[in-house]
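Commentary on secondary and tertiary structure
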Amino acid sequence: MLDKTYLPTDIESKIYRAWEAAGHFACAPKSGAAPYCVMMPPPNVTGSLHMGHALNSTLQDVLTRYRRKKGRDALWQPGMDHAGIATQMVVERQLGEENIHRRDLGRDEFVARVWRWKEESGGAIANQLRRLGASPDWSRDRFTMDEGLSNAVRTVFVALYEEGLIYRDKRLVNWDPKFHTAISDLEVEPRESDGSLWHFRYPIEGRDGEFIIVATTRPETMLGDTAVAVHPDDARWQNLIGGHAILPLVGRRLIVVADDYADPEQGSGAVKITPAHDFNDFEVARRHDLELINIFDADASLNDNVPEAYRGLDRYAARKKVVADMEALGLVEKIEPHRHALPHGDRSGVVVEPWLTDQWFADAKTLAIPAIEAVETGRIKFVPKQWENTYFEWMRNIQPWCISRQLWWGHRIPAWYGPDQKIFVAMDEAAAHEQATAHYGEAVALTQDADVLDTWFSSGLWPFSTLGWPEKTEALETYYPNDDLITGFDIIFFWVARMIMLGMHFMGDVPFRTVYIHALVRDAEGQKMSKSKGNVIDPLELIDSYGADAMRFTLAAMEAQGRDIKLSESRVEGYRNFATKLWNAARFCEANACTRDPAYDPAACTGTVNRWIVGEAARAAGTINTALEAYRFNEAANAIYQFAWGVFCDWFVEFSKPVLNGPDGAEKDETRATAAWVLEQILGLLHPFMPFVTEELWGRLDENRTQPLITTAWPDLNDSALQYEAASAEIDRVIALVSGVRAARAEMNVPAGAKIPLLLRGENGFPDWAENQREQIVQLARLDGMAALDGAPPKGSVQLVIEGHSVALPLAGVIDVEQERARLDKELARIAQEIAKIEAKLGNEKFLAKAPEHVVAEQRRRKSEAEAAHVKISEAAKRIDAL
């Protein structure tokens, strides 16, 4: 017997262990089944499960379980990313607690220490994904720095270098002066800051007393200026183009160049150009062949390229001195308060600097050509489609990809330098020495490059490196290209684009066919979650409270294409109640001996209610199937929810009670078998979303089963014989009638225990379907009888039109009309007052200017709900007046 109460904590870990031990998540490349492959975006080895992981993993698991049940050989490839800077930070903090700096240990010992940390403490997220119910093939778990993937990384680097697609160059990068490394744009976090905008006068050469005014938020960078730019069509400065200004404090001649980058509408229309410390200025410098002067060292202190008075100063100390010195010279035009976004390292928390430095780069523009074509021609499709525009915008304006990082933890760049700094790129040091000996004619000492590769370089190989490339493995042959990629919009460029570029280049084919971009999970008010706001929702806490099934179903049901998720705990609680409802329906079936009958044929039902529920099951299965094929997770989840709760539990269970409580016989046997069959279909259809409760019920309802639900076939109900149209039409009318009567009873405040008469008229008198279902209608609508409506309805009747039928509910003597009218008038007045208050707020310009967007949206939602309630109660009042 099933327990009275469904307790997720009692079953989830037990079921997961059984699945994993039995190997139910494993792919089977030798099976001959059509392959299906989806790659897990590798979470950081330092990471813990957050709501984004929970959503992403839930959607992947829904697809993987669905494809398995559809007979595909499914591989959900798991793994973790070594997370260079994040992992190095964790271990450096540990060393700091011991008053040890990594440089005290030396590189080899530090890296060994990181590996020990990884083995002892890293990868907690893998077990957290297990708690969510994720079912990847853990036997194939990979790590971006395991031996196989490291070999793939070296192979790709060497090949691209030999093709001229990787090179060393001096360019601007995002430099983190705390961690002393270049970082990617994704690791740069803009933070609003109150600063100043300084307007400086630069003297014009040869024109005493004439100046060109430029503005800057970073006065210290003026020491690296090499030009002033004006717009070519700006009449104010036409006569200066090609001339020079003099850089104060330094005395350097600054050529005045004409460039579209200068905006005539901003300030004076003139812009100072500091090529070594601003990305836009760097591009201006390339167009005009300007000198690049780097004024910062790795700590963002000023170096020897500035006048002696500023050397060694921290950038902010230098800023104060530059401003003071410019004021002393009378060259400060004005200073304005200025709020702007400053780029911070997301982990270091310090302002990053555009810094000119020697780095390794990949020729992304060349690699992007086939990657752009793959999406243009539809070989890869984005869902929703509008994300293709984001992809194209980035890819068509792509810059050289800085692939080197000044860290110790990561894939060390396989490049060695000879005595004259000649570079030798090879798979290993021995091969580099062979190259060097051939070049120099003798053995020489080599020094390996100290940098490591950007983590996106190794994760960019994920779709094929995890399958064994560069070896020609069975897995690579079977599962490449992958089928689906599920990811967030924020890494379309950083990860998705890199995988497409590298996959096209090395595999000659797309890495995946569909890229599904999922929503962002926000809080209940629509605000982005952040620790500073204190609105972060921990998925593990929700799993503890409501179970993994409820957490998963909530995310899937709210995952509508192109719309962010506003997550509240109450929604998760509501879907926990759904699991409980299903559990109770199963207990009802068990209590009424509704057990599986091997001889049962759903296409041969005779009972009208049984035919109807079989047809509803077939329709629900078709809807869910169509929705999942189109990545419409919310539609699929809501279809099974509506069928399981709104149809099976709310109506079929009630319709079946008179039969199940009646005498034994063929009708009762068929109803029992139908109930068991439909419940099995529900468990199968719901399994990808709620795997734990469905698996538990599957095993408990028939303990003789040897096959677990996870391995059973997807319910195939696409059979015209299951579409019982006449039965469906009849029962749908019954449901509409009963629902209409119940709504009218509630509107009229009819006491729950009161039984009322019902008069009904169709096109040809009292309809056959009502006669056929008389017992059901009387019981479910709480009637004391049902008869034909002849002529005009009796006085004191509520009149309804349901499904084209005239319905009268004589309520004289059942309710106090005057008292009910007074109650409705009071409620209408209350709602009108509430609407007036909301309208006053929404009409207040000060409120609209100050209130956060989600607060305004909430007020509008409340107004809409109140207006709908007012209309509904007004209709009820009209019915009362008509009595």
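Note that the structure is predicted; figures quoted are calculated from it, not measured. (Residues numbered from 1 in each chain as written. Predicted model: local features only at pLDDT ≥ 70, side-chain atom pairs only at ≥ 80, totals over all residues. Heavy atoms only, no water.)

A few points about the sheet that holds strand β11 (residues 253-258)
As a reminder, the rule being used: At least two DSSP bridges between two strands are required for those strands to pair. Only runs of H or I of at least four residues qualify as helices and only runs of E of at least two qualify as strands under DSSP, and these elements are numbered from the N terminus. Between N-to-C directions, angles cover 0 to 180 degrees, with each direction set by a line fitted to C-alpha atoms, over the stretch in contact for helices.
The four strands lie next to each other as β10-β11-β9-β12, forming an open sheet whose pairing is mixed. Pairing within the sheet leaves two strands with one partner each, and these edge strands are β10 (244-246) and β12 (270-273). Here the strands of the sheet are splayed against their neighbours by 30° on average, with no regard to which way each runs. Sheet topology places strand β9 (residues 227-230) next to β12; four bridges connect them, and they run antiparallel. Counted as the bridge partner of V228 is K272 from β12.

Here we look at the pattern of salt bridges
The line we're drawing: One speaks of a salt bridge when a side-chain nitrogen belonging to Lys or Arg is within 4 Å of a carboxyl oxygen belonging to Asp or Glu. A simple rule labels every residue: compare its accessible area, found with a 1.4 Å probe on the protein chains alone, to the largest value its type can have, and call it buried under 20%, exposed over 50%, or partly exposed in between.
What the rule picks out here adds up to 57 salt bridges. D234 is the salt-bridge partner of R236, the closest N and O atoms lying 2.8 Å from each other. On the basis of relative accessibility, which here comes to 45%, the residue R236 falls in the partly exposed class. According to the relative accessible area criterion, D234 is buried, its value standing at 5%. With a shortest N-O distance of 2.7 Å, E827 and R830 are connected by a salt bridge. Residue E827 and its partner R830 are both found in helix α27 (residues 817-842); the two are separated by three residues, about one turn of the helix. E827 gets classed as partly exposed once you look at its relative accessible area, which sits at 26%. Of the residues examined, R830 reaches a relative accessible area of 42% and is grouped as partly exposed. Salt bridges linked by common partners bring D3, K14, E696 and R700 together as one network.

Some points on the state of the cysteines
Heads up, the rule is: The rule for a disulfide is simple: a pair of cysteine sulfur atoms within 2.5 Å.
All told, the structure shown has zero disulfides when counted by the stated rule. There is no disulfide at C594, and the cysteine sulfur nearest it, in C589, is 4.7 Å away. Cysteine C649 remains unbridged, with the sulfur of C589 as its closest cysteine sulfur at 8.5 Å.

Some remarks on the packing of aromatic side chains
The relation between two aromatic rings is expressed through the spacing of the ring centres and the mutual angle of the planes. Inclusion rule: Any two rings among Phe, Tyr and Trp, with Trp reduced to its six-membered ring, count as a pair given centres within 6.5 Å; such a pair is stacked if its planes are under 30 degrees apart, edge-to-face if over 60, and tilted if neither. Charge-over-ring placement is defined geometrically: NZ (Lys) or CZ (Arg) within 6 Å of the ring centre, and within 35 degrees of the ring normal.
With the rule as written, the count across this model stands at 39 aromatic pairs. With 5.3 Å between their ring centres and 75° between their planes, Y516 and F633 make a pair best called edge-to-face. Of this pair, Y516 sits in strand β23 (residues 512-518) while F633 is found in helix α21 (residues 633-660), placing the two residues 117 residues apart along the sequence. The class of Y516 is buried, set by a relative accessible area of 0%. F633 gets classed as buried once you look at its relative accessible area, which sits at 0%. Each ring, one from F553 and one from F689, has its centre 6.0 Å from the other, and the planes form 65°; the classification is edge-to-face. Linking F553 in helix α18 (residues 548-558) with F689 in the loop between α22 (666-686) and α23 (691-701), this pair joins segments that are 136 residues apart in sequence. Side by side, F553 and F689 carry an identical accessibility label, which is buried. The rings of F553, Y575, F578, Y641, W645 and F689 are connected pair by pair, giving a single aromatic cluster. Directly above the ring of F392 sits R396, whose terminal nitrogen or CZ lies 4.1 Å from the centroid. Directly above the ring of F424 sits K422, whose terminal nitrogen or CZ lies 5.7 Å from the centroid.

Some details on the packing of α21 against α22
Each pair of packed helices can be summarised by the angle the axes make with each other and by the distance between the axes. Our working rule: We call two directions roughly parallel when the angle between them is under 35 degrees, roughly antiparallel when it is over 145, roughly perpendicular when it lies between 65 and 115, and oblique otherwise. Here a crossing is taken to be left-handed if its near helix is turned anticlockwise relative to the far helix by less than a right angle, and right-handed if that turn runs clockwise. Working rule for contacts: check all heavy atoms of both residues, and any pair within 4.5 Å makes them a contact.
Running from amino to carboxyl end, α21 crosses α22 at an angle of 165°, the nearest separation of the two axes being 11 Å. As summarised for this structure, α21 and α22 are arranged roughly antiparallel, according to the angle between their axes. Crossing angle aside, the handedness with which α21 passes α22 is left-handed. Of α22, the residues touching α21 (which contributes I640, F643, A644, F648, F652, S656, V659 and L660) are E667, K668, T671, R672, T674, A675, V678, L679, I682, L685 and L686.

Notes on the nonpolar core
The cut-off we apply is this: Residues belong to one nonpolar core when they are buried, are Ala, Val, Leu, Ile, Met, Phe, Trp, Tyr or Cys, and are joined through side-chain atoms within 4.5 Å.
With 159 residues, the main nonpolar core has M51, F553, L567, W612 and F648 as its most contacted residues. Considering each element in turn, this core owes the most residues, 15 residues, to α21. Core analysis: the next-biggest nonpolar cluster, separate from the first, contains 65 residues, I372, I413, L461 and W495 among them.

Considering the side chain of S797
Note the threshold: A 3.5 Å cut-off defines polar contacts: any pair of N or O atoms within that distance qualifies, except that in protein one atom must be a possible hydrogen donor and the other a possible acceptor, and neighbouring residues in sequence count only when both atoms are side-chain atoms.
Looking at the secondary structure, you find S797 in strand β28 (residues 797-802). Under the relative-accessibility criterion, S797 is labelled buried at 4%. At 2.7 Å, the side chain of S797 forms a polar contact with the backbone oxygen of P794.

Overview of the sheet that holds strand β27 (residues 783-788)
Within the open sheet, the four strands sit side by side as β27-β26-β29-β28. Their pairing is mixed. Edge strands, defined here as strands with exactly one partner in the open sheet, are β27 and β28. On average, adjacent strands in this sheet sit at an angle of 20° to one another, irrespective of strand direction. The pairing of β28 with strand β29 (residues 805-810) spans six bridges and is classified as antiparallel. The residue bridging L800 from the neighbouring strand is V807, located in β29. Contacts between helix α24 (residues 725-747) and the sheet are confined to β26 (756-761), β27, β28 and β29, with β28 contributing the most and set at about 145° to the helix.

Quick look at unusual backbone geometry
At the junction of V383 and P384, the peptide bond is cis and its omega measures out at -5° in the coordinates. Within the secondary structure layout, P384 lies in the loop between β15 (381-383) and α11 (387-396). With an omega of 0°, the peptide bond running from Y480 to P481 counts as cis. With respect to the helices and strands, P481 occurs in the loop between α15 (474-479) and β22 (482-488). One non-glycine residue, A593, lies in positive phi territory at about 60°. Along the chain, A593 falls in the loop between α19 (569-591) and α20 (608-629). Although it is not a glycine, Y631 sits at a positive phi angle of roughly 60°. Secondary-structure assignment places Y631 in the loop between α20 and α21. By relative accessible area, which is 6% here, Y631 ends up buried.

Here we look at the environment of H518
If you trace the backbone, H518 turns up in strand β23. A residue is classified by how much of its surface remains accessible, and H518, at 10% relative accessible area, is buried. Along the sequence, H518 and E635 sit 117 residues apart, while their C-alpha atoms lie 14 Å from each other. Ignoring any residue separated from it by four or fewer positions in sequence, one finds H518 in contact with L55, N56, L59, I486, T487, G488 and E559. One polar contact links H518 to N56, side chain to side chain, over a distance of 3.2 Å.

Quick look at the pairing of strand β5 (residues 166-176)
Bridge count between β5 and strand β14 (residues 353-362): ten bridges; the pairing is antiparallel. Along β14, the bridge assignment pairs K170 with D358. As judged from the three bridges shared by β5 and strand β6 (residues 181-183), these two strands associate in the antiparallel manner. Following the sheet pairing, W175 is matched in β6 by A182.

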